[in-house]
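Commentary on secondary and tertiary structure
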Amino acid sequence: MAVLDVSEALKSLSSTMESIESVLDLDRMRADIAELEEQAAAPDLWDDVARAQQVNSKLSYLQGQLRKAEELRGRIDDVAVLFELADAEDDDDTRAEAEEELTTLRKAVDELEVRTLLSGEYDPREAVVNVRAEAGGVDAADFAEQLMRMYLRWAERRDYPTEVYDISYAEEAGIKSATFSVKAPYAYGTLSVEQGTHRMVRISPFDNQGRRQTSFAGVEVLPVVEQVDHIDIPENEIRIDVFRSSGPGGQSVNTTDSAVRITHLPTHIVVSCQNEKSQIQNRAAAMQVLQSRLLARRREEEQAKMDALKGDGGNSWGSQMRSYVLHPYQMVKDLRTEYEVGNPQGVLDGDIDGFLEAGIRWRKQQEQQGE
């Protein structure tokens, strides 16, 4: 790499980092961390378990973001010194090391920059994700289960806590639908670009003639409701049914009627939860999901712009947004951003950061063009 190129690359990287630091507002972040640390040290914090988890989750996230920003700034300064040392001693090995670090740094700074693009009203929230099988029969049910696993594996890779509220198993294989939460700051802003219809093309493992099958699964992402949202649900507007939890093939996994199904009568929205052992816990979890759905509905009604809450740039619940092709070639391609990879298994194992980053950048670009 030429001296001039190195100088320009370092200057560009430092400028990008300054913009990131400005948007993140590191001084404000340090103040927020100090306040959260004080709350976390309070002796009565765990009297309210949900609040304690929220405080600790937010504290951990902010500490991680601050540490990442400070480390990247230090590495940018260090790599500049490394290049100077390589030039002064005319050392090719040191220069190669510096160039490799510069490439790694550029990728890390780009990843952190994506976080600054999550500026929507609900982007900082945790997420509720619903995956459901659509057209394609048993293959669609199997594909829906693979998508659920993909998101749970993605969260696991990042040490994000998750909670599965409800799974409706299909008769032969896979699932009809599943609802789960990702309990991390900015989970909603990050995963909201996944909303839409996903398509898989492969040789069906369920077809004894080995024919190629196209199947579809839908993904819905909602922000977790917080107390400030004021979603009031009168008791006379809901019907609550209790039933016995069931697993794959309809088998009973609980000998008591602890699973809960809530129907919101005015909107006909139905949610259920059978993950917890007690009926009270399942009811609380189901109510949280119902509130998230009602929040999304309310915001959609308030916004003239289609899907403004969901922030998907016009991609609604039924719009196709990504293809997973396993036959006759191997490829996963986002139909909005054109981002693609040739390793479907890696993607289905949770390696979706490239798609998320491309989707967030694309959405921001669409928003800017619409201004």
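This structure is a prediction, so every number in the text was calculated from the model and none was measured.

On to the environment of A155. You can see A155 is positioned in helix 5 (residues 137-157). Looking at A155, the relative accessible area reads 0%, which means it is buried. Between the alpha carbons of A155 and A187 there is a distance of 9.2 Å; along the sequence they are 32 residues apart. Apart from residues lying up to four places away in sequence, A155 is in contact with Y160, T162 and V182.

This next bit is on the packing of aromatic side chains. With the rule as written, the count across this model stands at 4 aromatic pairs. Look at F143 and Y324: their rings are 5.4 Å apart centre to centre, the planes differ by 70°, and that puts the pair in the edge-to-face class. Of this pair, F143 sits in helix 5 while Y324 sits in strand 9 (residues 320-325); the two residues are 181 residues apart in sequence, bridging distant segments of the chain. Judged by centre distance (4.9 Å) and plane angle (85°), the ring pair of Y339 and F355 falls under edge-to-face. Taken together, the residues Y339 in the loop between strand 10 (331-334) and strand 11 (340-341) and F355 in helix 9 (residues 353-370) connect sequence positions 16 residues apart. For Y339, a relative accessible area of 31% translates into the label partly exposed. For the cation-ring pair, R322 lies above F355, with the distance from its terminal atom to the ring centre recorded as 4.5 Å. Across from the ring centre of W362, 5.4 Å away, lies the NZ or CZ of R336, which sits over that ring.

Right, let's talk about the packing of helix 3 (residues 49-89) against helix 4 (residues 92-116) for a bit. Put simply, helix 3 and helix 4 touch, their axes get as near as 9 Å, and they point 155° apart. The angle between helix 3 and helix 4 places the two elements in the roughly antiparallel class. The two elements helix 3 and helix 4 cross, and the hand of that crossing is left-handed. Looking at the contact of helix 3 with helix 4 residue by residue, the class counts come to 14 nonpolar, 3 polar and 8 charged.

Here the focus is the sheet that holds strand 3 (residues 175-182). Read from one edge of the open sheet, 8 strands run 2-3-1-5-4-9-10-11, paired in mixed fashion. Each of the sheet's edge strands pairs with one partner strand only, and the pair in question is strand 2 (162-169) and strand 11. Where strand 4 (residues 196-203) and strand 5 (residues 212-223) come together, 8 bridges link them in antiparallel fashion. Among the inter-strand pairings, H198 is bridged to a residue of strand 5, identified as A217.

Our next topic: helix 3. Note that an α-helix has 3.6 residues per turn; residues three or four places apart therefore point the same way. Over its 41 residues, helix 3 extends 59 Å from the first C-alpha to the last, a length consistent with the 60 Å expected when each residue adds 1.5 Å. Near the N-terminus of helix 3, the side chain that reaches the backbone nitrogen of R51, with its oxygen 3.2 Å away, is that of D48. A positive phi of about 50° marks D90, the residue just after helix 3.

Parameters at a glance
Residues numbered from 1 in each chain as written. Predicted model: local features only at pLDDT ≥ 70, side-chain atom pairs only at ≥ 80, totals over all residues. Heavy atoms only, no water. Helix = DSSP H or I, 4+ residues; strand = E, 2+ residues; numbered from the N terminus. Buried < 20%, exposed > 50% of the residue type's maximum accessible area, 1.4 Å probe, protein only. Contact = heavy atoms within 4.5 Å. Phe/Tyr/Trp six-rings, centres within 6.5 Å; stacked < 30°, edge-to-face > 60°. Lys NZ or Arg CZ within 6 Å of the ring centre and 35° of its normal. Axes fitted to C-alpha atoms, helices over the stretch in contact; angles between N-to-C directions. Parallel < 35°, antiparallel > 145°, perpendicular 65-115°, else oblique. Left-handed = near helix turned anticlockwise from the far one by under 90°. Nonpolar A, V, L, I, M, F, W, Y, C, P; charged D, E, K, R; others polar. Pairing = 2+ DSSP bridges. Expected span 1.5 Å × (residues − 1). Polar contact = N/O pair within 3.5 Å; in protein donor to acceptor, adjacent residues only side chain to side chain.

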